[in-house]
Number of protein chains: 2
Amino acid sequence: MAGPSCHCEHGWVLPLRWIEPPDGPAIALLDQTQLPARETDIVCTDVDALVDAIQRLVVRGAPLLGIAGAYGVALAAARSDDVVGAAQLIARARPTAVNLARGVDRALRAWTDTADPDAVLAAARELAAEDARASDAMAEHGLALVPERARILTHCNTGALVSGGAGTALAVALAAHRAGRLARLWVDETRPLLQGARLTAWEAARAGAPYSVLADNAAGSLFARGDVDLVLVGADRIAADGSVANKVGTFPLAVLAHHHHVPFVVVAPASTIDLATESGAAIEIEDRAADEVTALAGVPIAPDGSPAYNPAFDVTPPELVTAIVTERGVIRPVSRDTVRRWERERSSTGR
Amino acid sequence: MAGPSCHCEHGWVLPLRWIEPPDGPAIALLDQTQLPARETDIVCTDVDALVDAIQRLVVRGAPLLGIAGAYGVALAAARSDDVVGAAQLIARARPTAVNLARGVDRALRAWTDTADPDAVLAAARELAAEDARASDAMAEHGLALVPERARILTHCNTGALVSGGAGTALAVALAAHRAGRLARLWVDETRPLLQGARLTAWEAARAGAPYSVLADNAAGSLFARGDVDLVLVGADRIAADGSVANKVGTFPLAVLAHHHHVPFVVVAPASTIDLATESGAAIEIEDRAADEVTALAGVPIAPDGSPAYNPAFDVTPPELVTAIVTERGVIRPVSRDTVRRWERERSSTGR
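Residues numbered from 1 in each chain as written. Chains lettered and ligands numbered in written order. Predicted model: local features only at pLDDT ≥ 70, side-chain atom pairs only at ≥ 80, totals over all residues. Heavy atoms only, no water.

S.K.: Is there a simple way to think about the overall build of chain A in this case?
M.R.: A count of helical and extended segments in chain A gives 11 helices and 17 strands. In summary, chain A has a C-alpha radius of gyration of 19 Å against a globular reference of 20 Å for 351 residues, a match within 12%. Seen along its three principal axes, the alpha-carbon backbone of chain A occupies a region of about 60 × 55 × 40 Å. Residue burial in chain A is summarised as follows: out of 351 residues, 62% are buried. Accessible surface for chain A amounts to roughly 12600 Å². Of this, 50% is attributable to carbon and sulfur atoms. If the 32 positive side-chain charges of chain A are averaged to one point and the 43 negative ones to another, these points end up 5 Å apart. (Helix = DSSP H or I, 4+ residues; strand = E, 2+ residues; numbered from the N terminus. Rg over C-alpha atoms; globule rule 2.2 N^0.38 Å. Buried < 20%, exposed > 50% of the residue type's maximum accessible area, 1.4 Å probe, protein only. Areas by Shrake-Rupley, 256 points an atom, 1.4 Å probe, with all protein chains shown as cover. Lys, Arg positive; Asp, Glu negative; His and termini not counted. Charge placed at Lys NZ, Arg CZ, Asp CG, Glu CD.)

S.K.: Would you mind showing me how to read the sheet that holds strand β16 (residues 323-326) of chain A here?
M.R.: Backbone hydrogen bonds hold the strands of a sheet together, and the pairing may be parallel or antiparallel. Strand order across the open sheet formed by eight strands is β17(A)-β16(A)-β10(A)-β7(A)-β4(A)-β5(A)-β6(A)-β14(B), with mixed pairing between neighbours. Edge positions in the sheet fall to β17 (329-331) of chain A together with β14 (308-309) of chain B, since each has one partner strand and no second. In this sheet, strand β7 (residues 230-233) of chain A lies alongside strand β4 (residues 150-154) of chain A in parallel orientation, the contact comprising three bridges. When the sheet's bridge partners are listed, A:L153 is paired in β7(A) with A:V231. (Pairing = 2+ DSSP bridges.)

S.K.: Explanation requested: the pattern of salt bridges in the structure shown.
M.R.: Once their charged atoms are close, side chains differing in charge can pair, the charge on each being opposite to the other. Residues and elements named next belong to chain A. If you walk through the whole model with that rule in mind, you get 36 salt bridges over all chains. Linking R17 and D41 is a salt bridge whose minimum nitrogen-to-oxygen distance equals 2.7 Å. Of the two residues, R17 is situated in strand β1 (residues 16-19) and D41 in strand β3 (residues 41-44); the sequence distance between them amounts to 24 residues. Across the pair, D41 and R17 agree in class, each one buried. Of the charged contacts, one joins R288 and E286 as a salt bridge, the two residues approaching to 2.8 Å between their closest N and O atoms. Residue classification places R288 among the buried residues on the basis of a relative accessible area of 17%. In this structure E286 comes out as buried when scored by relative accessible area, which is 10%. Here the salt bridges share partners, and the residues they tie into one network are R94, E286, R288 and E292. (Salt bridge = Lys/Arg side-chain N within 4 Å of Asp/Glu carboxyl O.)

S.K.: Before we go on, may I ask you to explain the sheet that holds strand β15 (residues 313-316) of chain A in this structure?
M.R.: All names here are of chain A. Judged by pairing direction, the sheet is mixed, and its four strands sit side by side in the order β11-β8-β9-β15 without closing on themselves. Across the chains shown, the open sheet's two edge strands, defined by having one partner strand only, are β11 (273-274) and β15. Bridge count between strand β8 (residues 237-239) and β11: two bridges; the pairing is parallel. Across the sheet, the residue bridging to I238 is I273, located in β11.

S.K.: Would you explain the confidence of the model for chain A in this entry?
M.R.: When pLDDT drops low, the exact placement of atoms in the prediction is not to be read closely. Model confidence for chain A is summarised by a mean pLDDT of 94, while 96% of its residues fall at 70 or above. Among the scores for the predicted complex, ipTM is 0.93 and pTM is 0.94. (pLDDT = per-residue confidence, 0-100.)

S.K.: I tried to follow the relation of the copies chain A and chain B on my own but got confused; where do I start?
M.R.: Between the two copies of this chain, the relationship is a rotation about some axis together with a displacement along it. For the pair chain A and chain B, the superposition axis carries a translation of 0.0 Å, the fit reaches an RMSD of 0.0 Å, and the rotation angle comes to 180°. Both copies are brought into coincidence by an operation consistent with a two-fold rotation axis. Of the interface residues in chain A, 100% have counterparts in chain B that sit at the interface too, so the contact is made through matching surfaces. (Least-squares fit on C-alpha atoms with pLDDT ≥ 70 in both. Contact = heavy atoms within 4.5 Å.)

S.K.: Could you clarify how one ought to interpret the packing of aromatic side chains in this entry?
M.R.: Pairs of aromatic rings are described using the distance from one ring centre to the other and the angle between the two planes. Tallied over the entire structure, the rule returns four aromatic pairs over all chains. With centroids separated by 5.7 Å and ring planes inclined at 55°, the aromatic side chains of A:W186 and B:Y309 adopt a geometry described as tilted. Here A:W186, found in strand β5 (residues 182-188), pairs with B:Y309, found in strand β14, and the two come from separate chains. Judged by relative accessible area, A:W186 falls into the buried class, the value being 9%. Ring geometry for B:W18 against B:Y71: centres 5.9 Å apart, planes inclined by 25°, an arrangement best described as stacked. A residue pair is termed long-range when its members are at least 10 positions apart, and B:W18 in strand β1 (residues 16-19) and B:Y71 in helix α2 (residues 62-78) qualify at 53 residues. (Phe/Tyr/Trp six-rings, centres within 6.5 Å; stacked < 30°, edge-to-face > 60°.)

S.K.: Could you clarify how one ought to interpret the packing of α2(B) against helix α3 (residues 83-91) of chain B in this entry?
M.R.: For any two helices packed against each other, the geometry is given by the interaxial angle and the distance between the axes. All names here are of chain B. In contact at an axis separation of 9 Å, α2 and α3 are set at 155° when each is read in the N-to-C sense. Comparing the axis directions of α2 and α3 gives the class roughly antiparallel. α3 is crossed by α2, and the crossing has right-handed handedness. Residue-level inspection shows G69, G72, V73, A76 and A77 of α2 in contact with α3, the latter providing V83, A86, A87 and I90. For the contact of α2 with α3, a count of residues per class yields seven nonpolar, two polar and no charged. (Axes fitted to C-alpha atoms, helices over the stretch in contact; angles between N-to-C directions. Parallel < 35°, antiparallel > 145°, perpendicular 65-115°, else oblique. Left-handed = near helix turned anticlockwise from the far one by under 90°. Nonpolar A, V, L, I, M, F, W, Y, C, P; charged D, E, K, R; others polar.)

S.K.: Please explain unusual backbone geometry as it appears in this structure.
M.R.: Outside of glycine, negative phi angles account for most residues, and trans bonds account for most peptide bonds. All names here are of chain A. Cis peptide bonds are those with omega within 30 degrees of zero, and the linkage from P21 to P22 qualifies with 10°. By secondary structure assignment, the location of P22 is in the loop between β1 and β2 (26-30). A positive phi angle, close to 55°, is found at A115, a residue other than glycine. Note on placement: A115 falls in the loop between α4 (98-114) and α5 (117-143). The phi dihedral of H261 is positive, around 55°, even though this residue is not glycine. Looking at the secondary structure, you find H261 in the loop between α9 (250-259) and β10 (264-267).

What follows is the structure, given as structure tokens:
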């Protein structure tokens, strides 16, 4: 199921679609492992297929994982499967992104409240719609932090491919482009799985934004040359102290930004902030297979049997984070106190 | 010309061999672009072939480039080519490594002094032998800086593949292994050309050293976990102020090491120190082709026509360098003053 079905008429990327009966129930996922070479869908007709797709990163990115999790529960409900068991399976598919477990929980609540598959599907759809609105709000809040003629460095992929809408950090960068404020988007290739080179470059090219890809380790010389005005990254989980777990390679960028007095800004929906996780040290980091590092596109790049260190994420401490942009406003500076205050204000205004 | 001819009987790597008539004159180069998949030689029967091999990184690494440059001049002399023209061609093949121009100069001096091809060849052989002795001396000086049970992080490839002997930074790490002092060698894969994953891992595996390969951007989390005791890297040029040009990705490691109070040590022969280059800003940095970043092993990894930023080197300022280990002793701390003093002592002792 390839081709234009992956996208809305207005050219927006649609990384996940619900397929109704009689063709469904099923979840169609734009296969992100095949981009940019091929735009093909993978159709998941049961939860096992979805869990496999999540683990293989067919579908990825914190906000989208939440949405996929919710639709997964809706799929189990529509199939009259064991919904609670399915929810547990999906929630455990990747441990670091808090959004996955949250999306699953929300859909599961709809199930336990109603035992109605349509209500679960409605909850998943609502989550996706909320995420689209959150994208727009994050882009608006984030844009206020982008200077004129900005050279923005980003890592991994945080655009429409990870969202029900425009995404997080990349949504801000592309909003800056539309506002005539983006001089250059520096795209970290993001080894080992090259989400930057493959996906962010693809989204930037589609948007007509000026971009250049670089090996992750070349970012240092960009900072040294004074060619980076702002770093924008997403997050997979933000702890109560403001520590940010994000794609491996984020923390070194934060250290470089700090060393060069360049703002380092995290863009993430409020659902990424997990007050139940006390600090960065408490965030579980997913270790992935060695062959993601020792082979590339099926080609071995290290001697046979080479051991590899391959954490999927790293943790950036709050003192290196200039600001966290959420759909509910900006946390700045970032500390346990300011995160707590942000949460209190959010609760008191009922947002 | 594949197989055991690439190596001496004692298993040492021999990345360059001179071939005498009647099969020569020629220079056989272990094709480092094919490692670790295949151990094959490329035989250069003229200077154009050698220049091409240097530019394609068939032969690479600062000390070995010097040796290759000297042998290249010897080849031109043995073939009765235009030796001065050949020397200019070779010296310009790659701009950043000062050793290349120095090796060429030394062989050219032998030619202008004697007009005797055998004298030029003797000069090249002498340079290679000196480099082997320098490797041993660097390993000895460097070993004194390695703690017990050391977890050493290294970048790029700086072992026997870049040298007439055991190499520079990797020579120190493998000496530490033989001394029972190496708990783990962390091998940065070193994008874009993967000299770490391909070559350093290959050398470490041959030496039976405990190693793990990692994506360059995973080094940050190793530092954060406290799993790095020492960073050892080589250098392509060291300016008079102690600034170190080395493979791109070195500078971010220096910033990370500084941030985490981990010693950052550069290992390089004295010939790498170029007092004629006043400061880091004066070092010419080679920009290489975009497709080194946007494709891997011929497989495109970014959208067609993606622009890329691909500097081959970066520059680490002296304040981030804990020590420079040379065959003539250790410069520590590193500054314009200490580099000058080291040079004066070197000159006064006639070494």
